[in-house]
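# Structural overview
Here is what each chain is made of, one letter per residue.
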Amino acid sequence: MIRLTTALTLAALLAGCGVSPIVYKDANSITIEHKNKGFREAMEEARLHCSELNKAVKHQSTDCPSKCISTFVCTPR
């Protein structure tokens, strides 16, 4: 599963879909900065992070003053 996750991440980078900057991450959550229309990519980045920890992802919040900051929580499956 980790190999598939790594391959998908590399494919996205090579296709020109840069990974959003990670503001913070640990074993329980991840916070990502993204453009206003970049939520899907941020959600996918969070899903990949949580799946590497064998957890599911849950969107917690998004704040968009000028750039968006989204926080996702990794929850038990």
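Keep in mind that what you see is a predicted model, and the values were worked out from it rather than measured. The written sequence of each chain sets the order in which its residues are numbered from 1. For a predicted model such as this one, the threshold for reporting local features is a pLDDT of at least 70, and the threshold for listing and counting side-chain atom pairs is 80 or more; totals across whole chains, interfaces and linings nevertheless cover every residue. Remark: hydrogens and water are excluded; side-chain values derive from all non-hydrogen atoms of the structure.

## Here's the deal with the overall build of the protein chain
By definition, any uninterrupted DSSP run of H or I lasting at least four residues is a helix, any uninterrupted run of E lasting at least two residues is a strand, and each is numbered from the N terminus. Along the backbone of the protein chain there are two helices and four strands. Going from the N terminus to the C terminus, the protein chain shows its helices and strands as α-β-β-α-β-β. Buried residues in the protein chain amount to 26% of all 77 residues. Using a 1.4 Å probe, accessible areas were evaluated by the Shrake-Rupley method; residue-level cover was limited to the displayed protein chains. Per element, the accessible surface of the protein chain, about 5300 Å² overall, is 58% carbon and sulfur. Burial classification: accessible surface area is computed with a 1.4 Å probe over protein chains only, and a residue below 20% of its type maximum counts as buried, one above 50% as exposed, and the rest as partly exposed.

## Notes on unusual backbone geometry
Despite not being glycine, Asn 54 has its phi angle at roughly 60°, a positive value. Relative to the helices and strands, Asn 54 resides in the loop between α2 (39-52) and β3 (55-63). The exposed category is assigned to Asn 54, whose relative accessible area is 57%.

## Brief notes about the pairing of β3
Moving residue by residue along a regular strand, the side chains alternate between the two faces of the sheet. Any two strands are treated as partners once DSSP identifies two or more bridges connecting them. As judged from the eight bridges shared by β3 and strand β4 (residues 68-76), these two strands associate in the antiparallel manner. From the neighbouring strand, Val 57 faces β4, where its bridge partner is Cys 74. With antiparallel pairing between neighbouring strands as the criterion, β3 and β4 make up a hairpin whose turn holds four residues.

## Things to note about the nonpolar core
In plain words, nonpolar cores are sets of buried Ala, Val, Leu, Ile, Met, Phe, Trp, Tyr and Cys residues tied together by side-chain atoms within 4.5 Å. The biggest cluster of nonpolar side chains holds five residues, and these are Ile 30, Ile 32, Ala 42, Ala 46 and Phe 72. For this core, the secondary structure elements donating two or more residues are β2 (29-34) and α2. If near-sequence neighbours (up to four positions away) are discounted, Ala 46 is found in contact with Ile 30, Ile 32, Val 57 and Phe 72. Residues are treated as being in contact if the distance between any of their heavy atoms lies within 4.5 Å.

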